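# Descriptive structure summary
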Amino acid sequence: MKEKWPAVLPFLLPCLVPALVLTAYWNGAAWAFRAVIWSYLAALVLDFVGGEDTSEPRGDAAIGFCRLITWLWFPLQLAVIVTGLVAVTVSPDWRTLYVVSIAAGGISGMFGIPVAHELMHRSSRLERTLAELQMSLFTYAHFCIEHVEGHHHNVGLRRDPATARFGESLYAFLPRTVLGGYLDAWRLEIARLRAAGHAVHGPHNRMLRYLVLQLVMIVAIAAAFGGRGVAFFLFQSAVGILIVEVLNYVEHYGIRRREHEPVTDRHSWNSSHRISNWLMFNVPRHSDHHADAARAYPQLRHAGADRQLPVGYFAMFVLALFPPLWRSVMDPLIAAEER
Amino acid sequence: MSDARDRAETRDLIDTGVELGSVSCGCSLAIGLFILGSCAGVAAKTGTQTAPVLEIIIAVVSALVIATFVYVIARKNAKLKIARAEIEKLNRRAAAELVSQDEADSD
């Protein structure tokens, strides 16, 4: 059966956010970057009224088009960062720096990460390079190693830094996952280099390559845009990283898996909310992604009634920021699922 | 049989509750945001510059209001999902019992 075009067209929706910001800014609209914050709020509201989509994918006729959308993201995200650098340099106001950084980091984290995540799981060299470049735009390129080679093997295990433990607040999880993820990426890369017979301190080391690339980017920004440019770049990176890790927190909170137990539908939290899935390239169909990471995003299947979040991902992000509210919703749900 | 029908009806009722709760939360949030947006629009039109402190207060209050709305509806939905899971479990148990009873009868 062929995938009907209207079924995949909504995946173009997230591209509208950076496109709107770029068009508005270069036409002199002062509200350009604030539009990202309003877009998030609109997505949050629409998620409640958009309902759930439990339909299964139908064929793969539109896969080429869906891949093309993911290739479009790197130039779009790069254009947003460059526009942000220009915006903070021409305006001396600290509020501009604050708003533009949150908006650019929001685009990278909320909409760009699902794309980079999709690309890093592809077998094509070009797509994996695009993922690395996209993650470098918010100084988090090592995520490509840790996520694919670490998290996917260790999900639900205590040693996985990207799996939030039962009762762990977002604020306790954040330092553990950021630091643990970085160290894990180094450990994995050293093991890979040794297995392949390459030198650790050599050009084959991806972690060193990422480090050099990110340092060169920061130096170039400092030379071209000065201190405010560097401040913007680092602040928007922090926002992007925060969003990535909140996403990890929501996806696997309280999940426990025994050593050698196969990864199943029960090891991720899913959301069938239509808008969340459209805007995040089906990342909320997370169980099926863990079942087969090579499956392209339009082909991810609905996970069934188990491990379904009570509201969409956008709303769960808000709850995660308030640990008592989060635990009051999630802990009884986990207890009931494990009974 | 009547038990199974009751459970099916309860499940339908739960699904309707989840849907209605979600829609009403979305509508309330939308109205709130629309009011906020209108105020911001009027302020921009009249050229009134909001004081930074006031802007921070408005942002914090908006965040708290949104979090409360989301919490109320998420908690309600979570409770309904737990109830639905219980019903599914009872259904499965009843079906298994029915099968084992049929097997015993045929023996």
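Note that the structure is predicted; figures quoted are calculated from it, not measured.

On a plain count of helices and strands, chain B comes out with 2 helices and 0 strands. Within chain B, the proportion of its 107 residues that are buried is 19%. With an accessible surface of roughly 7,200 Å², chain B has 66% of that area assigned to carbon and sulfur atoms.

Time to look at the pattern of salt bridges. A pair can form between side chains of opposite charge whenever their charged atoms are brought close. All names here are of chain A. Per the counting criterion, the structure on display carries 12 salt bridges over all chains. Across the salt bridge formed by Arg 192 and Glu 189, the nearest N and O atoms sit 2.8 Å from each other. With a gap of 3 residues between them, Arg 192 and Glu 189 both fall in helix 8 (residues 170-196), about one helical turn apart. Judged by relative accessible area, Arg 192 falls into the partly exposed class, the value being 31%.

Residue and element names in this part refer to chain A. Looking at the element boundaries, Asp 184 is found in helix 8. Polar contacts involving the side chain of Asp 184 include one to the side chain of Arg 187, which spans 2.8 Å. Discounting chain neighbours no more than four positions away, the residues touching Asp 184 are Glu 146 and Pro 161.

This brings us to the nonpolar core. Residues and elements named next belong to chain A. Formed by 105 residues in total, the largest nonpolar core has its most connected members in Phe 33, Met 135, Val 250, Phe 314, Phe 317 and Trp 326. Ranked by residue count, the leading element in this core is helix 9 (residues 206-252), at 15 residues. In this view, Trp 326 contacts Tyr 249, Val 250, Tyr 253, Met 316, Leu 319, Ala 320 and Asp 331; residues no more than four positions away in its chain are not counted.

Another point: the side chain of His 117 of chain A. Residues and elements named next belong to chain A. With respect to the helices, strands and loops of the structure, His 117 is situated in helix 5 (residues 94-120). Under the relative-accessibility criterion, His 117 is labelled buried at 9%. In terms of polar contacts, His 117 uses its side chain to reach the side chain of His 147, at 3.0 Å. The residues contacting His 117, other than those within four sequence positions of it, are His 147, Val 283 and His 289.

Residue and element names in this part refer to chain A. Its volume calculated, the second largest pocket comes out at about 440 Å³. Of all elements in the fold, only helix 6 (125-136), helix 7 (143-154) and helix 9 reach the threshold of two or more residues within the lining of the second largest pocket. Among the elements that take part in the lining of the second largest pocket, helix 6 stands out by supplying 5 residues, more than any other. In terms of residue class, the lining of the second largest pocket is built from 7 nonpolar, 3 polar and 7 charged.

Below, the discussion takes up helix 7 of chain A. All names here are of chain A. For helix 7, built from 12 residues, the straight-helix expectation of 16 Å at 1.5 Å per residue is missed by more than 12%, its first-to-last C-alpha distance being only 14 Å. The buried count for helix 7 comes to 9 of 12 residues, which makes it a mostly enclosed element. Regarding helix 7, the residues found buried are Phe 143, Cys 144, Ile 145, Glu 146, His 147, Gly 150, His 151, His 152 and Asn 154. Looking at the buried residues of helix 7, the elements they touch are helix 5, helix 6, helix 8, helix 9 and helix 11 (286-291). At the exit of helix 7 stands Gly 156, carrying a positive phi of roughly 85°.

Rules behind the numbers
- Each chain has its residues counted from 1, running along the sequence as written.
- Chain letters and ligand numbers both follow the written order, the letters beginning at A and the numbers at 1.
- A pLDDT threshold of at least 70 governs which residues receive local features in this predicted model, and a stricter bar of 80 or more applies before side-chain atom pairs are shown or counted, although totals over entire chains, interfaces and linings include all residues.
- Where side-chain values are given, they derive from all heavy atoms of the structure, hydrogens and water being excluded.
- Elements are defined by DSSP. Helices are runs of H or I of four residues or more, strands are runs of E of two residues or more, and each kind is numbered from the N terminus.
- Burial classes follow relative accessibility: with a 1.4 Å probe on protein chains only, a residue under 20% of its type's maximum area counts as buried, one over 50% as exposed, and anything between as partly exposed.
- Using a 1.4 Å probe, accessible areas were evaluated by the Shrake-Rupley method; residue-level cover was limited to the displayed protein chains.
- Here a salt bridge means any side-chain nitrogen of Lys or Arg lying within 4 Å of a carboxyl oxygen belonging to Asp or Glu.
- Side-chain atoms alone can form a polar contact between residues adjacent in sequence; in general such a contact is a pair of N or O atoms within 3.5 Å, and within protein one must be able to donate a hydrogen while the other accepts it.
- In what follows, a contact means two residues having at least one pair of non-hydrogen atoms within 4.5 Å.
- Definition of nonpolar core: a set of buried residues of the types Ala, Val, Leu, Ile, Met, Phe, Trp, Tyr and Cys, connected through side-chain atoms within 4.5 Å.
- Throughout, the protein atoms alone are placed on a 1 Å grid, and a set of points is a cavity if a 1.4 Å probe fits but cannot get out or a pocket if it is open with protein on both sides within 12 Å along at least five of seven lines; lining residues have an atom within 4 Å of a point.
- Grid points are joined across faces, edges and corners, and a volume is the space filled by probe spheres set on the points.
- Lys, Arg, Asp and Glu make up the charged group, whereas Ala, Val, Leu, Ile, Met, Phe, Trp, Tyr, Cys and Pro make up the nonpolar group; the residues left over, Gly among them, are polar.
- In this analysis, the expected span of each helix is defined as 1.5 Å times one less than the number of residues it contains.

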